[in-house]
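Fold and contact review
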Amino acid sequence: MTGIGTNADPDRDPAALTVDLVCRIEQHLSRDEIHRIVTGLTRDRAKQRRLARALAADPGLLTTGRPPAPRAVAELLVALRAAGAQAIAAPRCDRCDRPQNGLRRWASSSFRCTTCTARHGTCAGCGRHRRLPYRDSQGQPHCKGCRLPDTHSVEELILLLTALDPALTRTSALEALTRAAALPRTRQRLARQILDQPDLLTKNAYQAPSPAVLRFIDELTSVGASQVVKPLCPRCNRLLPLTAVHQGVRSCRTCYGHARATACARCGALRDPATRDSDGAPICSPCLQRDPINHEQCCGCGRRRQVAARRSDGPYCSNCRPRQHITCSICERTRPGWISPITGKPWCDACEKRWAVCTRCSTVAPVRGGSTTTPLCAQCVNPDPQFWKRCTTCKAPWQLTARPCTYCLLDQRLRAHLTAPNGQLSDYVTPLHAALTGHGRPDTTLAWLARPPADTILQSIATAGRPLTHTLLDTLPHGKAVDHLRAVLVAARALPARDEYLVRLEQWIHQTLQDRTDPEHRRILHSYAIWHHLRRLRSRLRGTPATRLQAVNVRSHLTAATNFLDWLHEHHLTLAICTQAGLEAQITDPHSTYPRETSHFIRWAVTHRHAQNLTYPAVAWPGPTTALDTERRWAQARRLLHDGTIPTADRVAGLLLLLYAQRPTAICRLTTAHVLATDRSTQIRCGRKPITLPEPIAGLVRELTATRHRGRSKDSSTAADTPWLFPGIRPGTPLDFAGLDERLKKIGLRPRADRSTALFALAGELPAAILATLLGITTDTAVTWQQIAAGDWTAYAADAACRLRPPFQPS
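Residues numbered from 1 in each chain as written. Predicted model: local features only at pLDDT ≥ 70, side-chain atom pairs only at ≥ 80, totals over all residues. Heavy atoms only, no water.

1. Structural notes on the packing of helix α27 (residues 648-660) against helix α29 (residues 697-707)
The condition that has to hold: In this description, a line fitted to the C-alpha atoms serves as the axis of each element, helices being fitted only across the stretch in contact, and the angle between N-to-C directions of two axes falls anywhere from 0 to 180 degrees. Numbering goes from the N terminus for both helices and strands, where a helix is a DSSP run of H or I of at least four residues and a strand is a run of E of at least two. Orientation is classified from the angle alone, with under 35 degrees giving roughly parallel, over 145 giving roughly antiparallel, 65 to 115 giving roughly perpendicular, and any other angle giving oblique. Each crossing is labelled by how the near helix is turned from the far one, with a counterclockwise turn of less than a right angle marking it left-handed and a clockwise turn marking it right-handed. Contact criterion: two residues are considered in contact whenever any of their non-hydrogen atoms come within 4.5 Å of each other. Ten residues, namely Ala, Val, Leu, Ile, Met, Phe, Trp, Tyr, Cys and Pro, are considered nonpolar, four, namely Asp, Glu, Lys and Arg, are considered charged, and the remaining ones, Gly among them, are considered polar.
Where α27 meets α29, the closest approach of the two axes is 9 Å, and the angle between their N-to-C directions is 135 degrees. For the element pair α27 / α29, the angle class is oblique. The hand of the α27/α29 crossing is left-handed. Contacts between α27 and α29 involve T648, A649, R651, V652, L655, L659 and Y660 on the former and, on the latter, I697, L700, V701, E703 and L704. Of the residues belonging to the contact of α27 with α29, the class tally is nine nonpolar, one polar and two charged.

2. Description of the nonpolar core
Quick reminder of the rule: Here the nonpolar core consists of buried residues drawn from Ala, Val, Leu, Ile, Met, Phe, Trp, Tyr and Cys, with membership extended through side-chain atoms lying within 4.5 Å. Each residue's exposure class comes from its accessible area (1.4 Å probe, protein chains only) as a fraction of the maximum for that residue type: buried when under 20%, exposed when over 50%, partly exposed otherwise.
Within the largest apolar cluster, 46 residues are counted, with the highest numbers of intra-cluster contacts made by L655, Y660, I697, F726, L771 and L775. The leading source of residues in this core is α27, at nine residues. Leaving out residues up to four positions away in the same chain, L655 has contacts with A637, L640, L641, Y660, I697 and L700.

3. What about the packing of aromatic side chains?
Which entries qualify depends on this criterion: Centre distance within 6.5 Å is the pairing criterion for rings of Phe, Tyr and Trp, where only the six-membered ring of Trp is used; planes under 30 degrees apart are then read as stacked, over 60 as edge-to-face, and the remainder as tilted. The criterion is that NZ of a Lys, or CZ of an Arg, lies within 6 Å of the ring centre and within 35 degrees of the ring normal, and then a charge sits over that ring.
This structure, assessed with the given rule, holds eight aromatic pairs. Considering the side-chain rings of F387 and W388, the 5.2 Å spacing of their centres and the 90 degrees angle between planes classify their relative orientation as edge-to-face. When its relative accessible area of 38% is taken as the criterion, F387 is described as partly exposed. Judged by relative accessible area, W388 falls into the buried class, the value being 5%. Chaining the aromatic ring pairs together yields one cluster made of Y528, F564, W567, F601 and W604. Here the guanidinium or amino end of R633 rests over the ring plane of W634, the centre of that ring lying 4.6 Å away.

4. Brief notes about the sheet that holds strand β26 (residues 691-693)
Inclusion rule: One requirement defines pairing of two strands: DSSP has to find at least two bridges between them.
An order of β24-β25-β26 is seen for the three strands of this open sheet, with the pairing classed as antiparallel. One side of each edge strand has no neighbouring strand; the edge strands of this open sheet are β24 (675-677) and β26. Each neighbouring strand pair of the sheet contributes to a mean axis angle of 30 degrees, computed without reference to strand direction. Of the strands in this sheet, β24, β25 (682-684) and β26 are in contact with α29, which crosses β26 at around 95 degrees.

5. Some points on α27
Put simply, the test is: One fewer than the residue count of a helix, multiplied by 1.5 Å, yields its expected span.
With 13 residues, α27 extends 17 Å from end C-alpha to end C-alpha; this agrees with the ideal 18 Å at 1.5 Å per step. Counted residue by residue, α27 has 13 buried out of 13 residues, so it is predominantly covered. Once α27 ends, the next one or two residues include A661, with phi positive near 55 degrees.

6. Focus: helix α24 (residues 580-588)
To keep it simple, the criterion reads: Taking the helix axis as origin, the arc is that swept by the directions to the C-beta atoms.
Of all the positions in α24, only G582, L583 and Q586 are classed as buried. An end-on view of α24 places all buried positions within 100 degrees of arc, on one side of the element. Exposed and oriented more than 90 degrees from the buried face of α24 are A581 and T588. Looking at the buried residues of α24, the elements they touch are α23 (548-570) and α25 (595-607).

7. Re the environment of S371
Assignment of secondary structure puts S371 in the loop between β22 (369-370) and β23 (375-376). Residues S371 and I330 lie 41 residues apart in sequence; the distance between their C-alpha atoms is 4.2 Å.

8. Digging into the confidence of the model for the protein chain
The criterion, for reference: A score from 0 to 100, pLDDT tells how confident the predictor is in each residue.
Per-residue confidence for the protein chain averages 83 on the pLDDT scale, and 90% of its residues sit at or above 70. Helix α30 (residues 716-721) is the least confidently modelled element of the protein chain, averaging 47 in pLDDT, while helix α22 (residues 519-541) averages 92, the highest of any element. Across residues 1-5, where pLDDT falls below 50, the model places eight contacts with residues more than four positions away in sequence or in other chains. The low-confidence segment residues 710-720, where pLDDT is below 50, has 35 contacts with residues more than four positions distant or belonging to other chains.

9. Observations regarding the packing of helix α8 (residues 170-180) against helix α10 (residues 211-222)
Each pair of packed helices can be summarised by the angle the axes make with each other and by the distance between the axes. Look at α8 against α10: their axes get within 8 Å of each other, and the N-to-C directions meet at 140 degrees. The angle between α8 and α10 places the two elements in the oblique class. When you trace α8 past α10, the crossing you get is right-handed. Side by side, α8 and α10 meet where A173, A176, L177, R179 and A180 of the first sit next to A212, R215, F216, E219, L220 and S222 of the second.

10. Observations concerning the pairing of strand β11 (residues 273-276)
Examined bridge by bridge, β11 and strand β12 (residues 282-284) share three bridges and lie antiparallel to one another. Bridged to T275 within β12 is I283. Where β11 hands over to β12, the hairpin turn is made up of five residues, of which G280 adopts a positive phi near 85 degrees.

Structure (structure tokens):
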């Protein structure tokens with residue numbers, strides 16, 4: 001072990017400082033042995049600091065052994081001398097100054113031997129002034145020679161027990177008393193305590209003057225006593241060990257902590273103080289653990305971190321602590337975990353935090369058993385409420401630890417953010433509180449509240465003093481936190497639904513127009529954006545919500561028009577006087593962007609007489625640019641049909657792409673209304689006419705319809721109510737097409753190339769009109785793909801008419 005110099009900090013490295021001071025004096029013990037003795041005696045960091053500070057203030061304690069000094073110093077001196085130290089002094093009594101080989105009594109930093117600590121006085125038996133180590137049943141002091149054996153108390157206790165409970169015999173009662181109190185003197189004291197208060201055995205054991213009474217009650221019930229009652233905690237009325245005493249009343253450890261709870265001087269939380277600072281202010285346990293002076297150097301990463309585990313080679317932080325890798329009984333994956341106290345089976349950390357819809361009672365709750373396909377909640381795993389811990393606030397069972405449940409914790413934190421100065425929730429924020437606490441999973445809402453923007457957002461809403469509307473949310477800084485809050489409120493029907501992409505597009509257009517300083521440019525852009533793009537977009541939507549690609553398309557066109565007008569302004573030109581030569585200079589400019597969208601703006605400007613005699617070459621679609629691999633398409637389709645390790649949602653989305661040439665954007669917008677399932681067939685409507693699905697695709701679609709809420713959505717209860725076939729992460733919203741595109745790529749698909757291959761194959765087999773009707777594409781697109789596939793369906797109608805017409809009969 002490497003040595004640490006004398007400049008070691010008693011707060012950061014107390015053990016190292018103590019070892020260094022001892023090594024200066026003692027030469028007969030190695031440094032490693034001294035370190036082992038010091039760390040073995042003082043595993044508590046607070047005790048290590050007290051010892052290091054005392055020795056640093058007075059190193060002479062190691063050679064004199066004279067108090068005043070903490071008890072840890074005396075324990076260290078005794079342990080060092082027992083290990084063979086020669087230069088270390090033995091602790092001395094502060095009265096007679098005699099060295100001692102062990103500790104008899106240590107109080108107020110003073111060590112006293114047995115002779116000096118013995119109580120002296122007048123003996124009630126002989127009347128002489130002597131040591132009085134004993135007292136009789138009446139409390140009278142007696143010396144060692146006048147001590148009277150007290151056998152009547154034990155006999156009276158046995159008679160009391162046999163009369164109280166006929167199931168007890170004299171032998172069983174004596175055996176229970178012997179196991180509860182091994183020494184005769186302790187048995188006599190226990191007997192006197194119960195004889196003075198017989199109700200300790202039946203109802204008031206929480207008032208027991210000593211813990212031996214509780215041990216005696218446990219032993220009596222173990223030998224078959226039926227009238228002796230185990231004590232309940234007087235505060236929570238639960239059958240728990242009464243290990244703590246507060247104000248003369250015994251209670252469980254949890255209630256003891258609640259009774260002693262006070263506001264922490266650092267975080268302000270109401271908790272049981274773990275220690276106190278130099279000023280006497282209370283400090284809770286989490287703050288004590290987070291204090292940098294309690295951090296130690298991790299043996300794994302070498303950084304000073306909070307200690308999460310200790311091994312023979314030293315401390316480890318939470319990231320480096322050794323974890324046992326086990327095969328989880330729920331997800332069947334090998335991960336770091338532990339044994340579940342509920343089922344006694346391996347349980348990984350991810351499954352411990354997993355929430356799902358219980359397959360037995362259909363409630364959204366943490367997964368406590370079952371498997372990934374058949375998750376079970378706590379109540380279905382073990383329906384006995386006495387097995388579970390209870391919430392300390394609502395007293396509801398089904399918890400692993402006795403602390404506030406997730407619902408109560410969410411309510412507390414929301415009230416802390418939304419409560420007015422008068423301590424009440426205003427009528428304006430009540431719908432927000434009800435929506436966040438009563439809709440969806442509380443753990444996802446708590447995770448959202450833990451992020452920094454959430455605090456500011458809720459405080460802004462609480463201090464606004466007006467009803468909660470979309471307009472109020474629009475005034476907040478735009479971000480993911482506001483978007484998630486809006487989605488939750490809309491899903492909970494606290495706000496009406498609206499077309500978010502269209503509204504954001506309108507806001508962006510308005511801001512873009514306001515930023516233009518040239519009135520002429522603003523007028524042209526206003527006409528181009530509002531009367532051309534927005535009008536055409538609304539006519540296409542017909543009441544359906546806009547997609548992200550549609551909004552991006554309008555933004556791209558308006559950005560291209562803005563860039564072109566800026567280029568004209570930089571070259572001292574206007575749209576009205578711009579010539580073809582100037583336009584071609586802009587086209588050949590290497591810094592020009594959006595050529596396709598710019599050509600659209602030029603044609604619109606010429607049509608509406610904002611420009612004259614300008615032509616911009618249009619770029620026609622050249623067809624698919626990637627290789628069309630039909631064999632790979634069928635191989636991927638067979639894999640998705642039969643590979644059960646791939647999630648059902650990904651399998652269905654991939655098959656719709658490979659077999660029916662659906663875009664990821666169209667797949668994301670599918671709802672349960674598009675699936676028409678009957679006893680005879682299963683159909684899906686991608687265009688105007690539904691498509692009958694064969695097996696096993698039909699079975700996968702039916703399975704996805706029934707289990708879509710167990711997929712990617714983090715809010716299981718919200719996803720179960722949403723109509724989307726592919727629910728998104730945010731409540732009430734579909735999966736984003738970019739996310740679906742990424743998921744398809746992870747399972748080996750190439751969305752754009754595979755869709756082109758599928759559309760190429762279908763266009764060569766079906767007429768353009770039927771292809772457009774089934775797949776939901778336009779007729780022009782279907783005709784274009786048919787021409788690329790070299791499919792000749794132009795004579796189909798004439799050929800069918802000829803087959804139906806009777807043959808020509810010459811006259």
